[in-house]
Structures are given as C-alpha cells and as structure tokens.
Amino acid sequence: MDEITKLKKHELTILDEVDRICKKYNIKYYLAYGSALGAIRHKGFIPWDDDIDIHMINSDLRKFKEVCKKELSSKFYLQDKLTDKYYYNYWTKIGLENTTWMPKNRIVDCKFGVCIDIFPLFPMKNTKKDKKRFEKYIKLLLITSSKYYVLNSNNYSKIKKLVHKIIPHKLNNFLYQYSIKKLEIKDDNYDTLVISSMTKNKNIYFNKKDIIGNKTLEFEKRKLPVVNNLDKYLTTIYGDYMTPPDEDKRYGHDSGNKIIYDFKNSYRKYLGDKHD
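Residues numbered from 1 in each chain as written. Predicted model: local features only at pLDDT ≥ 70, side-chain atom pairs only at ≥ 80, totals over all residues. Heavy atoms only, no water.

## Here we look at the pattern of salt bridges
Then step 1. Using the criterion set out here, one finds 13 salt bridges in the structure.
Then step 2. Notably, a salt bridge pairs K65 with D80, separated by 2.9 Å at the nearest N-O pair. Of this pair, K65 sits in helix α3 (residues 58–71) while D80 sits in the loop between β3 (76–79) and β4 (92–96); the two residues are 15 residues apart in sequence, bridging distant segments of the chain. D80 matches K65 in its accessibility class, with the two residues each being buried.
Then step 3. Note that D210 is salt-bridged to K232, the shortest N-O span being 2.9 Å. In this pair, D210 is assigned in helix α8 (residues 208–211) and K232 in helix α9 (residues 230–238), connecting sequence segments 22 residues apart.
Then step 4. Among the residues examined, D210 registers a relative accessible area of 13% and is labelled buried.
Then step 5. Taken together, the shared-partner salt bridges in this structure form one network comprising E17, R20, K24 and E71. (Salt bridge = Lys/Arg side-chain N within 4 Å of Asp/Glu carboxyl O. Helix = DSSP H or I, 4+ residues; strand = E, 2+ residues; numbered from the N terminus. Buried < 20%, exposed > 50% of the residue type's maximum accessible area, 1.4 Å probe, protein only.)

In structure tokens, the structure reads:
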C-alpha cells in the first residue's frame with residue numbers, strides 16, 4: 001500500500017469519527033471543495049487528490065467543538081487557534097494522534113498529524129450593512145489566525161510583522177474569538193451563507209436554500225451529506241467541474257515530494273522540543 005493510499009485510509013478514519021459525533025448530536029455538515037467534487041464525479045476521492053474537506057455552519061461548528069471536549073476519542077485531536085498556539089488557519093482541523101503529515105519546508109511548529117479540514121459557513125443577511133459587517137470581521141478573523149505564520153514567513157512586509165509582534169498572544173486570541181462571535185447570527189433570520197474561498201481568494205456568497213438540506217452522495221462506500229444545490233456550489237467554485245483537468249494538472253498536495261509521511265509516529269517526533 002503506497003503512502004497516498006495509507007493517507008486516504010487514515011483520513012476516512014477521521015471522517016467516520018466526525019460523522020459519528022455529528023449524527024449523535026444532530027450537527028449538520030457537508031462535503032466541501034474537492035471532496036464534494038469527488039463524490040459527484042468519482043463516488044469518492046478525486047484519484048489524484050489526497051485530502052478531505054467539509055463545511056459546517058459557524059454555529060454548528062461551535063457546538064461541534066464543545067461536544068468534542070467530551071466526545072472526541074483520544075485517538076484524535078481538534079486543532080484551531082485556541083487549542084494550538086502556533087496554528088495559523090481560520091478553519092478547524094480534526095487530526096489523528098501518532099501520525100505525521102508535515103510539509104518539509106514548514107515555517108511554523110504546530111500540530112501536523114494526518115487530518116481533515118472543517119471550513120466554516122458564515123450566516124449573513126443579504127443587505128449592504130450586513131455585508132459590510134461581515135467583510136470587517138472576516139478580515140479580523142484571517143488576520144488574527146495568521147499571527148505566527150506571518151511572523152515566521154519571509155513573504156510579508158516588516159510593518160505587518162511588527163503589528164503581529166506588538167500584539168500580545170492573549171489579545172490576539174481575544175480578537176480571534178471576538179471575530180467568530182461577530183460572524184454568528186443567534187437565530188435563523190438570515191438568507192445567505194458565505195465561505196472565504198481558498199481557490200478564488202475571495203468571499204463567495206450562497207443563498208441559504210442552496211446549502212442547507214438533507215441530500216447525500218456516495219463517498220468511498222459511505223452515504224455522506226452534500227449541499228442542497230451541489231451543481232451551483234461546484235460551478236461557482238470550479239466552473240465546468242465534470243470535466244477533469246489536463247493530466248499535467250492532476251496533482252495533490254505532495255507534488256514534488258514536499259511532505260513527510262509517518263503513520264506510526266507522532267508529528268512531535270519531527271518537531272523536537274520546539275512545540276508547546
């Protein structure tokens with residue numbers, strides 16, 4: 001069994017645990033990005049892809065995080081800005097302990113086990129006022145999430161680095177939590193759900209009815225939830241999603257042998273003493 005096949009097998013183990021918890025506590029989630037595309041085009045992973053992405057509405061994600069404190073098996077860990085000081089993404093990860101999936105050129109020593117990504121869907125009323133509010137707080141969320149990445153990367157200006165350096169860690173985390181709360185709506189009085197897209201590097205707005213529903217598709221011999229209007233979702237993100245890319249563009253995260261894989265040892269083995 002090659003490394004990518006082993007990686008996918010471990011990711012499915014994580015997905016099964018997430019699915020178990022979500023069913024038990026009636027938490028909705030949906031296959032996202034390439035995982036959603038893989039479900040409709042391949043009934044599983046895109047053959048050259050090597051990760052699993054899902055969506056949760058921000059309020060459901062908050063509930064999921066709370067439930068995980070008592071429900072998540074010790075074989076797994078939940079990773080976000082509050083559970084891992086040096087983590088630098090705005091989305092949440094569920095990882096598998098005693099495994100390693102680590103970029104060789106990493107610049108931040110956070111947790112790097114085999115994992116799946118949970119991307120939040122942010123509710124919003126479709127008004128100019130609410131869009132302005134949303135844009136402000138999503139920007140704050142992205143800034144506070146990236147603190148330690150910016151500080152350790154050579155791709156940012158000295159001014160940006162200085163701003164992150166002078167803001168204390170506790171204040172940064174407070175602003176991170178504040179932005180998440182401001183991006184929630186306490187009731188169901190909203191008509192739009194927004195993702196901060198990796199592929200288009202901008203925010204993408206969907207009608208609530210296009211996302212929320214009870215549809216499922218086969219994914220690696222499992223029946224898993226997908227968004228209500230999958231065609232609109234995938235067309236918005238990928239365009240002609242049913243036509244595979246040219247062969248020279250079919251690659252996953254490890255194009256160029258950039259990843260350390262270890263399915264028997266924790267990422268801590270590779271971090272040494274740097275990781276808190």
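## Concerning the packing of helix α4 (residues 128–145) against helix α7 (residues 169–182)
Then step 1. Direction vectors running N to C along α4 and α7 enclose 150°, while the axes themselves pass 9 Å from each other. For the element pair α4 and α7, the recorded crossing hand is left-handed. Residues R133, Y137, L140, L141, T144 and S145 of α4 form the contact with α7, whose own contacting residues are N172, L175, Y176, Y178, S179, I180 and K182. (Axes fitted to C-alpha atoms, helices over the stretch in contact; angles between N-to-C directions. Left-handed = near helix turned anticlockwise from the far one by under 90°. Contact = heavy atoms within 4.5 Å.)

## Re the nonpolar core
Within soluble globular proteins, side chains that are nonpolar tend to cluster in buried spots.
Then step 1. If you look at the biggest cluster of nonpolar residues, it comprises 74 residues, and the most contacted ones within it are L15, I54, M56, F64, I94, F219 and Y233.
Then step 2. The contacts of I94, once residues within four sequence positions are left out, are I14, V18, F64, L72, F76, Y77, L78, V114, C115, I116 and I118. (Core = buried A, V, L, I, M, F, W, Y, C linked by side-chain atoms within 4.5 Å.)

## Points about unusual backbone geometry
Then step 1. Look at N26: it is not a glycine, yet its phi comes out positive at around 55°.
Then step 2. Counting through the fold element by element, N26 comes out in the loop between α1 (3–24) and β1 (30–31).
Then step 3. N26 sits in the exposed class, given a relative accessible area of 66%.
Then step 4. Unusually for a residue other than glycine, Y33 sits at a positive phi of about 50°.
Then step 5. Checked against the element boundaries, Y33 lands in helix α2 (residues 33–42).

## Overview of the side chain of Q79
Then step 1. Along the polypeptide, Q79 turns up in strand β3.
Then step 2. Reaching out from Q79, the side chain makes a polar contact with the backbone oxygen of K111 at a distance of 3.1 Å.
Then step 3. When sequence neighbours within four positions are dropped, the list of residues in contact with Q79 reads D84, Y87, W91, T92, K93, C110 and K111. (Polar contact = N/O pair within 3.5 Å; in protein donor to acceptor, adjacent residues only side chain to side chain.)

## Points about α7
Then step 1. The end-to-end C-alpha separation of α7 is 20 Å, in line with the 20 Å expected for 14 residues at 1.5 Å each.
Then step 2. Of all the residues in α7, the buried ones are N172, N173, Y176 and S179. Projected down its long axis, α7 shows its buried positions confined to an angular sector of 120°, all on one face. Seen from the open side of α7, the exposed residues pointing more than 90 degrees away from its buried face are K170 and K181.
Then step 3. The secondary structure elements touched by the buried residues of α7 are α3, α4 and α5 (147–152). (Expected span 1.5 Å × (residues − 1). Arc of directions from axis to C-beta.)

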